[in-house]
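# Fold and geometry: a report
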Amino acid sequence: MVQVLRTVHEFRVACEKAHASGLGFVPTMGALHEGHLALVTEAKRHAPIVAASIFVNPTQFGPNEDLARYPRDLDGDLSKLEAVGADILFAPSTDEMYATGEQTRVAVPRVAAPLCGRFRLGHFEGVATVVTKLFAITGPCTAVFGRKDYQQLAVIKRLVVDLCLPVQVIGFPTVRDLDGLAKSSRNLYLSPDERACALAIPNALAEAQAAFATGERAAATTLARARSRIEAVTDRIDYVDIVDADSLEPLVGNQIDHRALMAIACHVGKTRLIDNVVLGEDARIAVAEAK
Ligand code: PAF
């Protein structure tokens, strides 16, 4: 039975009890899918007690983003967490997480600046703030995040080091549907036609992986191929980029000569989708043809 806790105080007490044996933690915004459940399963490999949180964090949504329509299904989420053996669910209200008069924010400016940071102003500050608050409540834990949100993971790893938080952060590989589309709560917004178009994203990444495997190292060529694939079927591209996989800084020159992250963000209909691979490191994406 998952213990559902609503207040910071109750959750802190439960985490303190778990510290003696070890606490795994999976922060989420709910609308749980197999990607989230894989994070819980991974956390269970590291710690006997696993807590998940579900909190649709308002400070990470911009004024024109999908906060109001973000999918919410607490009962469904609870049964899914039950099925994968989570022990605790922290599901606070907004007032519980952001008390009247609150004003503190956590910024990780350099890691947050490129890629999604250029298009979602303030987003990573909201993420960094809520994750820092959650870690302040949990105390020492092993926290698991998906590599699909690669920049978010990089921001969180940086803040944990910079703020000396007693948290081990694990990045878990992106979980994909059989056709290659990365699992995302936002996939629920896609119509069947849009979903077919969205396959251009994993297809472009898979093509880049295949080219890299056969020796392609020119970033401009790799990016141009991906861009033309995606342009053909999506409504707007935010970015298709290749950056250093550790610093997220631009590559020096056109050569992909060390760990490189290829990342894509684009809009299919009203839905913004992101995906990425670390070339030469991530498992090859098995894809179906896009329409
Ligand atoms: O990835 C998410 O679901 C959220 O950004 C997170 C990490 C739970 C913070 O709200």
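Since we're looking at a predicted model, the values are computed, not measured. (Residues numbered from 1 in each chain as written. Predicted model: local features only at pLDDT ≥ 70, side-chain atom pairs only at ≥ 80, totals over all residues. Heavy atoms only, no water.)

Helix and strand counts for the protein chain stand at 10 helices and 9 strands. Against the compact-globule benchmark of 19 Å for 291 residues, the protein chain has a radius of gyration of 19 Å, which places it among compact chains. Seen along its three principal axes, the alpha-carbon backbone of the protein chain occupies a region of about 55 × 40 × 40 Å. Counting all 291 residues of the protein chain, 55% fall into the buried class. Restricting the contact set of the protein chain to residue pairs at least 6 apart, pairs at least 24 apart contribute 74%. As presented, the protein chain carries roughly 13,200 Å² of accessible surface, and 54% of it is formed by carbon and sulfur atoms. One finds the centroid of the 31 positive side-chain charges in the protein chain at a distance of 1 Å from the centroid of its 35 negative side-chain charges. (Helix = DSSP H or I, 4+ residues; strand = E, 2+ residues; numbered from the N terminus. Rg over C-alpha atoms; globule rule 2.2 N^0.38 Å. Buried < 20%, exposed > 50% of the residue type's maximum accessible area, 1.4 Å probe, protein only. Contact = heavy atoms within 4.5 Å. Areas by Shrake-Rupley, 256 points an atom, 1.4 Å probe, with all protein chains shown as cover. Lys, Arg positive; Asp, Glu negative; His and termini not counted. Charge placed at Lys NZ, Arg CZ, Asp CG, Glu CD.)

This part covers empty space enclosed by the protein. Considering all chains together, one arrives at 2 cavities of 30 Å³ or more under this definition. One number sums up the size of the largest cavity: a volume of about 60 Å³. Lining the largest cavity are Lys148, Leu181, Ala182, Ser184, Asn187, Ile201, Pro202, Leu273, Ile274 and Asp275. Mapped by element, the contributors of at least two residues to the lining of the largest cavity are α9 (200–213) and β9 (271–279). Element by element, the count of residues in the lining of the largest cavity is highest for β9, at 3 residues. (1 Å grid on protein atoms, 1.4 Å probe; cavity = no way out; pocket = protein on both sides within 12 Å on 5 of 7 lines; lining within 4 Å. Points joined across faces, edges and corners; volume = space filled by probe spheres on them.)

All right, on to the pairing of strand β6 (residues 167–172) then. Inspection of the sheet shows strand β5 (residues 141–146) paired to β6 by 6 bridges, in the parallel sense. Paired with Thr142 across the bridge in β6 is Gln168. Regarding the hand of the β-α-β motif, the stretch spanning β5, helix α7 (residues 150–162) and β6 is right-handed. (Pairing = 2+ DSSP bridges. Right-handed = clockwise from strand over helix to strand, strands pointing away.)

Neighbouring the ligand are Pro27, Thr28, Met29, Asn57, Gln60, Val130, Phe145 and Gln152. Within the side chain of Gln60, a nitrogen or oxygen atom sits 2.6 Å from an oxygen atom of the ligand. For the ligand, whose accessible area on its own is 290 Å², the fraction buried by protein is 89%. Across the shell around the ligand, the residue classes break down as 4 nonpolar, 4 polar and no charged. (Near = heavy atom within 4 Å. Polar contact = N/O pair within 3.5 Å; in protein donor to acceptor, adjacent residues only side chain to side chain. Nonpolar A, V, L, I, M, F, W, Y, C, P; charged D, E, K, R; others polar.)

Tallying each qualifying case throughout the model produces 22 salt bridges. When the shortest N-O distance is used, the salt bridge between Asp282 and Arg147 registers 2.9 Å. Of this pair, Asp282 sits in the segment after β9 while Arg147 is found in the loop between β5 and α7, placing the two residues 135 residues apart along the sequence. Classification of Arg147 as buried rests on a relative accessible area of 15%. Ionic pairing is found between Arg225 and Glu216, a salt bridge with its closest N-O pair at 3.4 Å. Here Arg225 falls in the partly exposed class, since its relative accessible area comes to 33%. Via salt bridges that share partners, Glu34, Asp177, Asp179, Lys183 and Arg195 belong to a single interconnected network. (Salt bridge = Lys/Arg side-chain N within 4 Å of Asp/Glu carboxyl O.)

Let us look at helix α3 (residues 74–83). Residues of α3 that are buried include every one of Gly76, Asp77 and Leu81, and no others. Burial along α3 is one-sided: seen end-on, the buried residues are contained in an arc of 135°. For α3, the exposed residues set more than 90 degrees away from the buried face come down to Asp75 and Ala83. Lining the buried residues of α3 we find α2 (34–46), β3 (49–54) and β4 (88–90). Downstream of α3 by a residue or two, Gly85 has a phi angle that is positive, lying close to 80°. (Arc of directions from axis to C-beta.)

Glancing now at the sheet that holds strand β7 (residues 236–244). Sheet architecture is open: 3 strands sit in the order β7-β8-β9, paired in antiparallel fashion. Looking along the sheet, the strands with just one partner apiece sit at the ends: β7 and β9. Neighbour-to-neighbour, the strand axes of the sheet open up by a mean angle of 10°, direction not taken into account. In the sheet, β7 pairs with strand β8 (residues 260–268) via 8 bridges, with the strands oriented antiparallel. Considered in β8, the bridge of Val243 is made with Leu261. Here α9 sits on the sheet and contacts β8 and β9; the angle it forms with β9, its principal contact strand, is near 15°. (Axes fitted to C-alpha atoms, helices over the stretch in contact; angles between N-to-C directions.)

Right, let's get into unusual backbone geometry. In this model, Cys164 sits at a positive phi of 55°, which is unusual for a non-glycine residue. Take Cys164: its relative accessible area is 67%, and that puts it in the exposed class. One non-glycine residue with positive phi stands out, namely Leu248, at about 65°. Turning to its location among the elements, Leu248 is positioned in the loop between β7 and β8.

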